[in-house]
Amino acid sequence: MQNTFMEKLEDVLLPIADKLNNNKYLASLRDGFMVALPLIIFGSIFIVIANFPFLDKILSESQFTAWQNAISPASDATLSIMGLFVIIGIGYKLTQRNELEGIYGAVTALSAVLILTPQVVGKTEGVIPTEILGAKGMFLGIIVSIISAELYSYFTKKDITIKMPNGVPDQVAKSFSALLPVAFTLTIFVVLKIVVALTPFETLQNLIYTIVQEPLTALGRGLPATIVAVLFIQVFWFFGLHGQIIVNTVFDPIWYSLNNENLAAFKQGVELPNIITKQFIDTFLVGMGGTGGTLAVVLGIYLLCRSKQNKEIAKLGTPASIFNVNEPILFGLPIIMNPLVILPWILSPVIITIVSYTSMYLGLVPKPSGVIVPWTTPIFISGYLATGNSWQGAMLQLVNLVITFVIWWPFLKLLDKNYLRQEKEN
């Protein structure tokens with residue numbers, strides 16, 4: 001009966017996951033964020049440096065202000081305009097997937113977004129508001145970069161190009177070949193800008209933010225939607241599919257947008273608006289030894305298990321688990337396709353999501369500050385840094401670790417009992 005249920009579940013989920021994982025738009029979106037990741041982490045490191053604990057107590061007010069002013073360009077030029085890098089990354093990767101020169105797709109996407117961007121701040125014209133290139137403009141940037149890359153690819157493949165004679169240098173020929181596809185693509189966005197300017201929204205940014213991004217962001221910042229996302233991550237991983245890649249591709253634009261809102265508030269010293277952010281997921285779910293909080297599983301094996309197989313797996317998996325890489329445990333224990341552990345594997349991340357959310361909602365733990373802490377940062381350090389250098393963040397990770405350990409306890413004992421029996425028989 002159990003095997004039949006598992007087979008039916010696998011038959012339903014595997015095709016869906018496979019289509020999502022291989023969809024060129026979702027894959028390009030994922031890769032676009034990967035392009036921006038080094039810059040995001042760089043900016044986050046300098047946010048931490050700028051707000052180092054007790055620095056405001058050591059330095060005078062003027063010295064502390066001068067310190068922050070000197071350091072802030074590092075984050076202003078990376079985190080504050082992360083949408084810009086994502087746009088370039090998506091345009092490049094999607095054009096590349098269309099088997100064309102990626103760089104032309106990237107610059108076309110960037111130009112298309114800038115055409116649609118109102119270049120005015122207050123009464124000053126000729127300047128681009130950074131908020132449009134950050135969280136507020138993220139959704140528009142994603143949509144425009146995908147459409148512009150597809151339009152450029154369409155015109156190029158239709159051979160609407162200028163062909164240079166033989167003997168012309170290759171790079172010159174490529175530039176002239178891209179001229180008409182780029183021109184036709186950008187002209188479409190110029191016309192679109194004119195049309196939208198005649199509506200009450202005035203700009204496409206306002207239209208997208210009001211109709212699409214605001215409702216989706218409101219959904220993504222809630223606990224129910226987050227629990228659904230976590231459940232899908234765990235179920236996909238159970239069947240051997242990378243749950244983060246599949247689910248985060250859909251949710252990352254929302255979580256990053258919420259993250260940027262918190263970062264802006266953190267830098268201004270005002271109350272942080274969101275609990276659910278990208279850093280919430282990475283710190284209190286992934287940052288516990290990897291997906292599913294498997295550092296608690298490793299500790300459980302050391303403390304509870306006697307079988308040689310489990311002990312060897314724990315030894316192999318410990319170094320990687322410290323840095324939140326848990327494939328040795330997923331495939332070695334195994335967790336993947338193992339019906340004995342499906343319940344704790346799915347249940348424990350949901351429980352710690354609820355506990356983490358409730359702790360922040362009640363004010364027991366500070367909300368994530370918006371600083372991007374690399375997901376490979378070891379437990380406790382990541383919790384401390386992600387919550388604005390707060391010991392409560394590290395303590396919450398410890399509580400979550402204990403909860404996960406307790407949930408896994410009886411299932412690890414059962415698994416170990418089976419392995420011990422097999423070892424005796426052999």
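Each chain has its residues counted from 1, running along the sequence as written. Since the coordinates come from a predicted model, pLDDT governs what is reported: local features require at least 70, and pairs of side-chain atoms require 80 or more to be given and counted, while whole-chain, interface and lining totals use all residues. No hydrogens and no water enter the side-chain calculation; it runs on all heavy atoms of the structure.

A few words on the overall build of the protein. A helix here means a DSSP run of H or I that spans at least four residues, while a strand means a run of E at least two residues long, and both kinds are numbered starting from the N terminus. A tally of helices and strands in the protein yields 19 helices and two strands. The 426 residues of the protein split such that 49% are buried. Residues count as neighbours in contact if any of their non-hydrogen atoms are within 4.5 Å of one another. Intrachain contacts of the protein at a sequence separation of at least 6 include 72% that bridge at least 24 residues. Surface summary for the protein: the accessible area is close to 20,100 Å², and the carbon and sulfur share equals 67%. Relative accessibility thresholds used throughout: buried, under 20% of the residue-type maximum; exposed, over 50%; partly exposed, between the two (1.4 Å probe, protein chains only). Calculation of accessible area relied on Shrake-Rupley with a 1.4 Å probe; when residues are assessed, cover is drawn exclusively from the protein chains displayed.

Okay, the pattern of salt bridges next. A carboxyl oxygen of Asp or Glu within 4 Å of a side-chain nitrogen of Lys or Arg is what we treat as a salt bridge. This structure, assessed with the given rule, holds eight salt bridges. Between Lys315 and Glu312 there is a salt bridge, with the nearest N and O atoms lying 3.8 Å from each other. On the criterion of helical spacing, the pair formed by Lys315 and Glu312 is a turn pair, its members being three residues apart in helix α15 (residues 308–322). Classification of Glu312 as partly exposed rests on a relative accessible area of 43%.

For the rest of this paragraph, the subject is the nonpolar core. Side-chain atoms within 4.5 Å are what join buried Ala, Val, Leu, Ile, Met, Phe, Trp, Tyr and Cys residues into a set we call a nonpolar core. Phe280, Leu333, Ile335 and Trp408 are the most contacted members of the largest nonpolar core, which has 65 residues in total. Take this core: its biggest share by element is nine residues, from helix α11 (residues 223–238). Setting aside residues no more than four positions away along its own chain, Ile335 makes contact with Phe238, Thr294, Ile329, Leu330, Val341, Trp345 and Trp408.

Below, the discussion takes up unusual backbone geometry. For Asp159, which is not glycine, the phi torsion reads 65° and is therefore positive. Backbone geometry places Asn389, a non-glycine residue, at a positive phi of 60°. Topologically, Asn389 is positioned in the loop between α18 (381–386) and α19 (391–425). Take Asn389: its relative accessible area is 16%, and that puts it in the buried class.

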